[in-house]
Amino acid sequence: MKTANCKNPHTNPTSIKTRFALRFLRAINNLNNNNNSTTPPLNSHSAAADKRKRCRAIRAAAYASMASAVGPNKAWSRAVLRKIRNRMKETIKKSTRAGTATVRESNPRNELSFGQENELRELVPGGEAMDFCRLLNETGHYIQCLRAQVQVMRKILHYSST
(Lines give C-alpha, C1' and ligand atoms only; values in the text may rest on other atoms or scores of the structure.)
Protein backbone atom coordinates (compact mmCIF):
# COMPACT_ATOMS: atom_id res chain seq x y z
CA MET A 1 0.00 0.00 0.00
CA LYS A 2 1.31 3.44 -0.92
CA THR A 3 1.67 6.11 1.72
CA ALA A 4 -0.25 9.35 1.32
CA ASN A 5 1.67 12.25 -0.12
CA CYS A 6 1.90 15.25 2.25
CA LYS A 7 1.49 17.68 -0.59
CA ASN A 8 -1.95 18.99 -1.46
CA PRO A 9 -2.96 17.36 -4.76
CA HIS A 10 -5.01 20.44 -5.67
CA THR A 11 -2.03 22.80 -5.45
CA ASN A 12 -0.51 23.64 -8.78
CA PRO A 13 3.00 25.07 -8.20
CA THR A 14 2.82 27.00 -11.47
CA SER A 15 -0.53 28.67 -10.78
CA ILE A 16 -0.68 32.39 -10.14
CA LYS A 17 -2.38 31.76 -6.78
CA THR A 18 0.46 29.54 -5.58
CA ARG A 19 3.19 31.86 -6.80
CA PHE A 20 1.43 34.86 -5.27
CA ALA A 21 0.85 33.08 -1.95
CA LEU A 22 4.51 32.10 -1.62
CA ARG A 23 5.77 35.57 -2.49
CA PHE A 24 3.21 37.32 -0.29
CA LEU A 25 3.89 35.12 2.74
CA ARG A 26 7.63 35.69 2.29
CA ALA A 27 7.05 39.46 2.13
CA ILE A 28 4.81 39.42 5.23
CA ASN A 29 7.45 37.39 7.06
CA ASN A 30 10.08 39.98 6.12
CA LEU A 31 7.77 42.77 7.33
CA ASN A 32 7.27 40.95 10.64
CA ASN A 33 11.01 40.43 11.05
CA ASN A 34 11.67 44.11 10.35
CA ASN A 35 8.82 45.16 12.66
CA ASN A 36 10.14 43.02 15.55
CA SER A 37 13.50 44.80 15.42
CA THR A 38 12.00 48.29 15.87
CA THR A 39 11.16 49.89 19.19
CA PRO A 40 7.50 50.13 20.29
CA PRO A 41 5.72 53.49 19.80
CA LEU A 42 5.80 55.97 22.66
CA ASN A 43 2.27 57.40 22.33
CA SER A 44 -1.05 56.73 20.62
CA HIS A 45 -0.29 59.17 17.78
CA SER A 46 2.89 57.36 16.81
CA ALA A 47 1.07 54.01 17.24
CA ALA A 48 -1.57 55.15 14.73
CA ALA A 49 1.15 56.36 12.35
CA ASP A 50 2.93 53.00 12.68
CA LYS A 51 -0.33 51.18 11.93
CA ARG A 52 -0.90 53.25 8.77
CA LYS A 53 2.70 52.66 7.70
CA ARG A 54 2.31 48.90 8.23
CA CYS A 55 -0.99 48.92 6.32
CA ARG A 56 0.69 50.63 3.35
CA ALA A 57 3.60 48.18 3.53
CA ILE A 58 1.23 45.18 3.46
CA ARG A 59 -0.69 46.67 0.52
CA ALA A 60 2.58 47.28 -1.35
CA ALA A 61 3.70 43.72 -0.56
CA ALA A 62 0.44 42.35 -1.95
CA TYR A 63 0.74 44.34 -5.19
CA ALA A 64 4.44 43.54 -5.60
CA SER A 65 3.84 39.84 -4.91
CA MET A 66 1.03 39.64 -7.46
CA ALA A 67 2.97 41.55 -10.10
CA SER A 68 6.07 39.41 -9.64
CA ALA A 69 3.95 36.23 -9.67
CA VAL A 70 2.53 37.24 -13.05
CA GLY A 71 5.92 38.32 -14.35
CA PRO A 72 6.69 40.71 -17.19
CA ASN A 73 4.18 39.12 -19.59
CA LYS A 74 1.42 41.63 -18.82
CA ALA A 75 1.66 45.40 -19.10
CA TRP A 76 -0.14 45.97 -15.79
CA SER A 77 2.39 43.86 -13.88
CA ARG A 78 5.29 45.69 -15.52
CA ALA A 79 3.65 49.01 -14.58
CA VAL A 80 3.22 47.95 -10.94
CA LEU A 81 6.82 46.75 -10.67
CA ARG A 82 8.08 49.94 -12.36
CA LYS A 83 6.05 52.06 -9.93
CA ILE A 84 7.50 50.18 -6.96
CA ARG A 85 11.05 50.56 -8.29
CA ASN A 86 10.51 54.28 -8.89
CA ARG A 87 9.12 54.76 -5.37
CA MET A 88 12.14 52.99 -3.93
CA LYS A 89 14.45 55.24 -5.95
CA GLU A 90 12.53 58.34 -4.80
CA THR A 91 12.79 57.20 -1.18
CA ILE A 92 16.53 56.72 -1.53
CA LYS A 93 16.91 60.13 -3.20
CA LYS A 94 14.82 61.82 -0.50
CA SER A 95 16.89 60.25 2.23
CA THR A 96 20.17 61.32 0.61
CA ARG A 97 19.15 64.90 -0.16
CA ALA A 98 16.70 65.99 2.50
CA GLY A 99 14.79 69.21 2.02
CA THR A 100 14.39 69.18 -1.76
CA ALA A 101 11.01 68.70 -3.38
CA THR A 102 10.37 66.65 -6.51
CA VAL A 103 8.19 68.31 -9.15
CA ARG A 104 6.16 65.95 -11.32
CA GLU A 105 5.20 66.88 -14.84
CA SER A 106 1.61 66.19 -15.85
CA ASN A 107 0.91 63.56 -18.46
CA PRO A 108 -1.18 64.94 -21.36
CA ARG A 109 -3.03 61.61 -21.63
CA ASN A 110 -4.37 62.07 -18.12
CA GLU A 111 -5.87 65.43 -19.07
CA LEU A 112 -8.04 63.96 -21.83
CA SER A 113 -11.59 63.09 -20.86
CA PHE A 114 -13.16 60.23 -22.79
CA GLY A 115 -15.54 58.99 -20.10
CA GLN A 116 -15.51 55.38 -19.00
CA GLU A 117 -12.55 54.40 -21.15
CA ASN A 118 -10.31 56.86 -19.31
CA GLU A 119 -11.69 55.72 -15.96
CA LEU A 120 -10.69 52.15 -16.88
CA ARG A 121 -7.25 53.37 -17.97
CA GLU A 122 -6.76 54.89 -14.52
CA LEU A 123 -7.78 51.68 -12.75
CA VAL A 124 -5.49 49.30 -14.63
CA PRO A 125 -1.78 49.88 -13.93
CA GLY A 126 -0.06 50.91 -17.15
CA GLY A 127 -3.43 51.40 -18.90
CA GLU A 128 -2.65 54.95 -19.98
CA ALA A 129 -0.39 53.77 -22.80
CA MET A 130 -2.58 50.95 -24.23
CA ASP A 131 -4.95 50.83 -27.15
CA PHE A 132 -8.54 49.95 -26.22
CA CYS A 133 -8.46 46.25 -27.21
CA ARG A 134 -5.27 45.60 -25.28
CA LEU A 135 -6.69 47.59 -22.35
CA LEU A 136 -9.72 45.26 -22.22
CA ASN A 137 -7.48 42.17 -22.38
CA GLU A 138 -5.21 43.48 -19.62
CA THR A 139 -8.25 44.47 -17.54
CA GLY A 140 -9.62 40.92 -17.70
CA HIS A 141 -6.30 39.46 -16.60
CA TYR A 142 -5.90 42.08 -13.87
CA ILE A 143 -9.36 41.24 -12.48
CA GLN A 144 -8.51 37.51 -12.45
CA CYS A 145 -5.32 38.25 -10.53
CA LEU A 146 -7.10 40.50 -8.05
CA ARG A 147 -9.67 37.75 -7.41
CA ALA A 148 -6.87 35.24 -6.83
CA GLN A 149 -5.18 37.72 -4.51
CA VAL A 150 -8.37 38.13 -2.45
CA GLN A 151 -8.91 34.36 -2.26
CA VAL A 152 -5.35 33.74 -1.07
CA MET A 153 -5.51 36.54 1.48
CA ARG A 154 -8.82 35.21 2.83
CA LYS A 155 -7.27 31.75 3.26
CA ILE A 156 -4.24 33.24 5.00
CA LEU A 157 -6.54 35.17 7.34
CA HIS A 158 -8.64 32.06 7.99
CA TYR A 159 -5.64 29.87 8.80
CA SER A 160 -3.96 32.52 10.92
CA SER A 161 -7.10 33.14 13.00
CA THR A 162 -7.82 29.47 13.80
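Located above this text is the structure these notes cover.
Rules behind the numbers
What you see as residue numbers is a count from 1 along each chain, following the sequence as written. Local features in a predicted model are, by the rule used here, given only for residues with pLDDT of at least 70; side-chain atom pairs are given and counted only at 80 or more, and totals for whole chains, interfaces and linings are based on all residues. For side-chain calculations, the full set of non-hydrogen atoms in the structure is used, while hydrogens and water are omitted. Convention adopted: a line fitted to C-alpha atoms gives each axis, helices being fitted over their contacting stretch, and angles between N-to-C directions are expressed from 0 to 180 degrees. Every helix listed is a DSSP run of H or I at least four residues long, and every strand listed is a run of E at least two residues long, numbered separately from the N terminus. Oblique is the label for every angle not falling under 35 degrees (roughly parallel), over 145 degrees (roughly antiparallel), or within 65 to 115 degrees (roughly perpendicular). Definitions for this section: a left-handed crossing has its near helix turned counterclockwise from the far helix by less than a right angle. A right-handed crossing has that turn clockwise. The contact criterion used throughout is that any non-hydrogen atoms of two residues lie within 4.5 Å. Each residue's exposure class comes from its accessible area (1.4 Å probe, protein chains only) as a fraction of the maximum for that residue type: buried when under 20%, exposed when over 50%, partly exposed otherwise. Whenever two N or O atoms come within 3.5 Å, that pair is a polar contact, provided that in protein one can donate a hydrogen and the other can accept it, and provided that, for residues adjacent in sequence, both atoms are side-chain atoms.

Draft legend 1. Quick look at the packing of helix α5 (residues 116-123) against helix α6 (residues 132-161). In contact at an axis separation of 10 Å, α5 and α6 are set at 50 degrees when each is read in the N-to-C sense. As judged from the angle between their axes, α5 and α6 are oblique. In the packing of α5 onto α6, the handedness of the crossing is left-handed. Taking contact as the criterion, the partners of Glu 117, Leu 120, Arg 121 and Leu 123 in α5 are, on α6, Phe 132, Leu 135, Leu 136, Thr 139 and Tyr 142.

Draft legend 2. Here's a closer look at the environment of Ile 84. With respect to the helices, strands and loops of the structure, Ile 84 is situated in helix α3 (residues 75-96). In this structure the C-alpha to C-alpha distance between Ile 84 and Ala 61, which are 23 residues apart in sequence, comes to 9.9 Å. Other than its neighbours up to four places away in sequence, Ile 84 contacts Ala 60 and Ala 64.

Draft legend 3. Local environment of the side chain of Ser 77. Topologically, Ser 77 is positioned in helix α3. Its relative accessible area of 0% is what places Ser 77 among the buried residues. Within the structure, Ser 77 has its side chain in polar contact with the backbone oxygen of Lys 74 (distance 2.8 Å). Filtering out sequence-adjacent residues up to four positions away, Ser 77 remains in contact with Ala 67, Val 70, Gly 71 and Pro 72.

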